[in-house]
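Single-letter residue listing:
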Amino acid sequence: MADDAPPHHAGTGRAADTWRCMIADDLAAVAAIERDSHDPLPPEGEAVFADRLAAFPDGCFVVGPGRAVEGYAIAHPWRLGTVPALGLDRLILPTGPDCLWLHDVALRRSFRGRGLVTALIAMLDGRARARALAALALTAVHGTQTLWTRHGFVVVPGNEAALAAYGETALVMTRRLR
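Residues numbered from 1 in each chain as written. Predicted model: local features only at pLDDT ≥ 70, side-chain atom pairs only at ≥ 80, totals over all residues. Heavy atoms only, no water.

Visitor: Just checking my understanding: could you explain the overall build of the chain for this structure?
Guide: Counting its secondary structure elements, the chain contains five helices and eight strands. Within the chain, the fraction of its 178 residues that count as buried is 48%. Restricting to contacts in the chain with at least 6 residues of sequence separation, those with at least 24 account for 67%. By element, 56% of the accessible surface of the chain is carried by carbon and sulfur atoms, the whole surface being about 8600 Å². (Helix = DSSP H or I, 4+ residues; strand = E, 2+ residues; numbered from the N terminus. Buried < 20%, exposed > 50% of the residue type's maximum accessible area, 1.4 Å probe, protein only. Contact = heavy atoms within 4.5 Å. Areas by Shrake-Rupley, 256 points an atom, 1.4 Å probe, with all protein chains shown as cover.)

Visitor: For this particular structure, what's the right way to read unusual backbone geometry?
Guide: The bulk of non-glycine residues show a negative phi, and the bulk of peptide bonds are trans. Its identity as a non-glycine residue notwithstanding, Ala-132 has a phi of 55°, on the positive side. Among the secondary structure elements, Ala-132 is positioned in the loop between α3 (116–130) and β6 (135–140). Using a relative accessible area of 70% as the deciding quantity, one classes Ala-132 as exposed. Phi angles above zero are rare outside glycine, and His-142 is one such case at about 60°. Looking at where His-142 falls in the secondary structure, it is placed in the loop between β6 and α4 (145–150).

Visitor: Looking at this structure, I do not really get the state of the cysteines. What am I missing?
Guide: Enumeration over the complete set of coordinates arrives at zero disulfides. Cys-21 takes part in no disulfide bond, and the closest cysteine sulfur to it belongs to Cys-60, at a distance of 9.1 Å. (Disulfide = S-S within 2.5 Å.)

Visitor: Any chance you could explain the side chain of Asp-58 here in plain terms?
Guide: Counting through the fold element by element, Asp-58 comes out in the loop between α2 (46–55) and β3 (60–63). Within the structure, Asp-58 has its side chain in polar contact with the side chain of Arg-131 (distance 2.3 Å). (Polar contact = N/O pair within 3.5 Å; in protein donor to acceptor, adjacent residues only side chain to side chain.)

Visitor: Would you take a moment to explain the environment of Phe-111 for this structure?
Guide: Examined against the element boundaries, Phe-111 turns out to sit in the loop between β5 (99–107) and α3. With 40 residues separating them in the primary sequence, Phe-111 and Gly-71 have C-alpha atoms 7.6 Å apart.

Visitor: How do you make sense of helix α1 (residues 27–37) when you look at a structure like this?
Guide: Residue pairs spaced three or four apart in an α-helix point in one direction, given the helix's 3.6 residues per turn. Buried within α1 are the following residues: Leu-27, Val-30, Ala-31, Ala-32, Ile-33 and Glu-34. Buried-residue contacts for α1 involve α2, β3, β4 (71–78) and β5.

Visitor: Please clarify how the packing of aromatic side chains should be interpreted in this entry.
Guide: Two measures describe an aromatic ring pair: the distance that separates the ring centres and the angle between the ring planes. Under the criterion given, the structure shown has two aromatic pairs. Relative to Tyr-72, the ring of Phe-49 lies with its centre 5.3 Å away and its plane at 65°, an arrangement referred to as edge-to-face. Of this pair, Phe-49 sits in helix α2 while Tyr-72 sits in strand β4, placing them 23 residues apart in sequence. You can call Phe-49 buried: its relative accessible area is 0%. Residues Trp-148 and Phe-153 carry aromatic rings whose centres are separated by 5.6 Å and whose planes lie at 75° to one another, so their mutual orientation is edge-to-face. Owing to a relative accessible area of 5%, Trp-148 belongs among the buried residues under this scheme. Exposure remark for Phe-153: the relative accessible area of 2% places this residue in the buried category. Residue placement shows Arg-114 over the ring face of Phe-111; its charged tip is 4.1 Å from the ring centre. (Phe/Tyr/Trp six-rings, centres within 6.5 Å; stacked < 30°, edge-to-face > 60°. Lys NZ or Arg CZ within 6 Å of the ring centre and 35° of its normal.)

Visitor: So what exactly am I meant to see when it comes to the side chain of Asp-51 here?
Guide: Within the fold, Asp-51 resides in helix α2. In this structure Asp-51 touches Asp-89, Arg-90 and Leu-91, once residues within four positions along its chain are discounted.

See below:
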């Protein structure tokens, strides 16, 4: 999403329910939400988020009232059949990507249940289509498989070795674009 593009509303009519482009000033808040949300996984931290924002700003979003940050999402082009490593200091985007990988999404508890994931998926679908990518992909962690299944994602078997850093229950899931 370009900085001048309109924000994407989740449909609840609340001004706080709007995804907007992440900016450098949001990074400390994003890192704080990550620390609160992803235990027991080690946090990637602010420097990693800064790298993702620099590597692919069109896939970095935050949500919250005004300039406050109550949640974030980070996505980037990738290749199906591989899993991005956790905590890389520098993300190198692949040549010939075929999917948009939702690397991370986290919402404070008070912002859950507002349709924000649905709005996020719609935005990511649009960005993937604009780049002629065939799918959205992600690693489901913390028992979120059911959530992602409700949004049209299916489990892709394999990748167990690459998923070790994500935890025992991590699964790769994809959603083909129609």
